[in-house]
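# Commentary on secondary and tertiary structure
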Amino acid sequence: MSSNHDHSLIGFGTIAVHAGQEPEKWDSNQVVAPISLSTTYKWERAGEKPNHTYSRSSNPTREALQQCLAALEKAKYATVYSSGVAAGMAALNLLQAGDHFVVDSGSYGGTLRYMKDICVGKHGLLSTVTDFLDYEHFAEEIKENTKLVFFETPTNPMLNIIDISKVVRIVKEKNPKILVVVDNTFASPYFQNPLSHGADIVVHSMSKYINGHSDVVMGAVMTNYPEIHQELRRIQNVGGSIPSPFDCWLALRGIKTLHLRMEKHAQNVKILAEYLEKHDGVEKLVCVALPSHPHFELNNRQASGAPGLISLFVKGGLEKATCFLNSLKIFTCAESLGGVESLAAHPSQMSHKELSREERERLGIKDHLVRLSVGIEDHRDLIADLEQAFKKVQEL
Ligand SMILES: *Cc1c(COP(=O)(O)O)cnc(C)c1O
């Protein structure tokens, strides 16, 4: 593999293990990409600029990661940032004061907060927040000065699926120049490639499935347009929101098993969701892997699988949901998702606590909603853990 453009002929697992990491690239033919810590690089002669000059602008370990990520997302180009939020920020920094953008109300809270407080609150951008699932209404929100639309699918925590091709069609009919940006964090590049459905830019929080080991905070932006990529590189360098070489190396290491992890997450989530759907202690459950999901067919068309997420309404309200969470032993009560370990979160008291009750209700986030991120442990142990927690709930 001599370049990151050659990936069309080879499979995902091969890309995950090798792309951007050819041993011939390094001084000693290292099979594993070295962690390149030097902040600065020698100029052989003054006036002859070397490949790398200063590590904020470019760094060999980061370059390797960016090439690998581009290949995974079937994109020509990728840039990485020091968090997923910073990746979204880079995409929004493509806009200028007076530009309008439309964002889905189900988007990640941190992204919405950056848009509202900084982009609109301080930098003179104009925004409309709306529910993209109401496609007709969404179409009406696209205005003369709209320059970008932003959404994620599946959404958090309700796991709604937004039709990427349909959004692209609606937007491009109005104005082909409007950029369609998709946050692909939940599906991961293993299950879904939004650029293949006509999106212009993909954003990831790599802190979730891509790195997958809950030990790196990082973000990425992918695109096929050289002029957008050049601008993103400029934003990366000028803004300085870059990840460390060590974190880039950890992410490269995590990515090597992305395909294996996603397969296992998908297997486990299906088994657990089927068990939970029949369980007495469950009022309602949302999981993309089950035919009962309202957008199951759409997801099957647009993605090749379902991530390891379950949104679970525990029968009996807040008290029972709290007891359930406190009784889990293998599932750890913690924020975040997409790691090898199973986590359980309580959106109304954790990720979505800042919202008012009305705002939460509008998003479907009730007090007895528990979100599970199903890891890659043995599914029998995970089911036993859920079962013993439900027993505690019953005894309450
Ligand atoms: C976590 C997350 C983000 C933010 O990423 P960080 O790495 O935490 O900054 C953005 N979008 C989605 C969908 C996420 O889950």
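Residues numbered from 1 in each chain as written. Predicted model: local features only at pLDDT ≥ 70, side-chain atom pairs only at ≥ 80, totals over all residues. Heavy atoms only, no water.

### Quick notes on the site of the ligand
Around the ligand there are 13 residues in total, and G84, D183, S205, S207 and K208 lie nearest to it. Here an oxygen atom of the ligand sits 2.7 Å away from a polar atom, N or O, in the side chain of K208. Surface burial for the ligand is 91%, taken as the share of its 380 Å² of free accessible area covered by protein chains. Tallied by class, the residues present in the shell around the ligand amount to five nonpolar, five polar and three charged. (Near = heavy atom within 4 Å. Polar contact = N/O pair within 3.5 Å; in protein donor to acceptor, adjacent residues only side chain to side chain. Areas by Shrake-Rupley, 256 points an atom, 1.4 Å probe, with all protein chains shown as cover. Nonpolar A, V, L, I, M, F, W, Y, C, P; charged D, E, K, R; others polar.)

### Thoughts on the UniProt feature "modified residue: N6-(pyridoxal phosphate)lysine" (unreviewed entry) in the chain
Using the residue numbers shown here, the UniProt feature "modified residue: N6-(pyridoxal phosphate)lysine" (unreviewed entry) corresponds to K208. In this structure, K208 sits in the loop between β6 (201-205) and β7 (219-223). With residues near it in sequence (within four places) discarded, K208 still touches Y108, T185, S336, L337 and G338. (UniProt positions renumbered as here; feature names shortened; annotations may be inferred. Helix = DSSP H or I, 4+ residues; strand = E, 2+ residues; numbered from the N terminus. Contact = heavy atoms within 4.5 Å.)

### A look at the pattern of salt bridges
For the structure on display, the rule yields ten salt bridges. The partner of R234 in a salt bridge is E231, and the shortest N-O contact between them spans 3.1 Å. With a gap of three residues between them, R234 and E231 both fall in helix α8 (residues 226-239), about one helical turn apart. The partner of D378 in a salt bridge is R380, and the shortest N-O contact between them spans 2.8 Å. (Salt bridge = Lys/Arg side-chain N within 4 Å of Asp/Glu carboxyl O.)

### Quick word on helix α14 (residues 379-395)
With 17 residues, α14 extends 25 Å from end C-alpha to end C-alpha; this agrees with the ideal 24 Å at 1.5 Å per step. What α14 keeps buried is the set L382, I383, D385, L386, A389, F390 and V393. Taken down its axis, α14 places every buried residue within 155 degrees of arc, on the same side. Opposite the buried face of α14, at more than 90 degrees from it, the exposed residues are R380, Q394 and E395. (Expected span 1.5 Å × (residues − 1). Buried < 20%, exposed > 50% of the residue type's maximum accessible area, 1.4 Å probe, protein only. Arc of directions from axis to C-beta.)

### Remarks on the side chain of S311
Secondary-structure assignment places S311 in strand β9 (residues 309-314). Separated by 2.4 Å, the side chain of S311 and the backbone oxygen of P157 make a polar contact. With residues up to four places along the chain from it excluded, the contact list for S311 reads P157, L159, K284, L285, V286, L369, V370 and R371.

### Considering the nonpolar core
With 77 residues, the main nonpolar core has L65, L69, L276, I310, L312 and F324 as its most contacted residues. Here this core takes eight residues from helix α10 (residues 258-277), the largest share from any one element. Counting residues domain by domain, this core receives three or more from each of domain 1 (15-255) and domain 2 (259-394). (Core = buried A, V, L, I, M, F, W, Y, C linked by side-chain atoms within 4.5 Å. Domains from an automatic or database assignment.)

### Side note on the packing of aromatic side chains
In this structure the tally under the stated criterion is six aromatic pairs. Their ring planes at 35 degrees and their centres at 4.7 Å tell us that F324 and F390 sit as a pair that is tilted. Placement of the pair is F324 in helix α12 (residues 318-327) and F390 in helix α14, with a sequence separation of 66 residues. Note on accessibility: F324 and F390 belong to one class, buried. Site record: aromatic cluster; members linked through ring pairs are F12, Y190 and F191. Looking at K166, its charged tip hangs above the ring of Y135, at a distance of 4.4 Å from the centre. (Phe/Tyr/Trp six-rings, centres within 6.5 Å; stacked < 30°, edge-to-face > 60°. Lys NZ or Arg CZ within 6 Å of the ring centre and 35° of its normal.)

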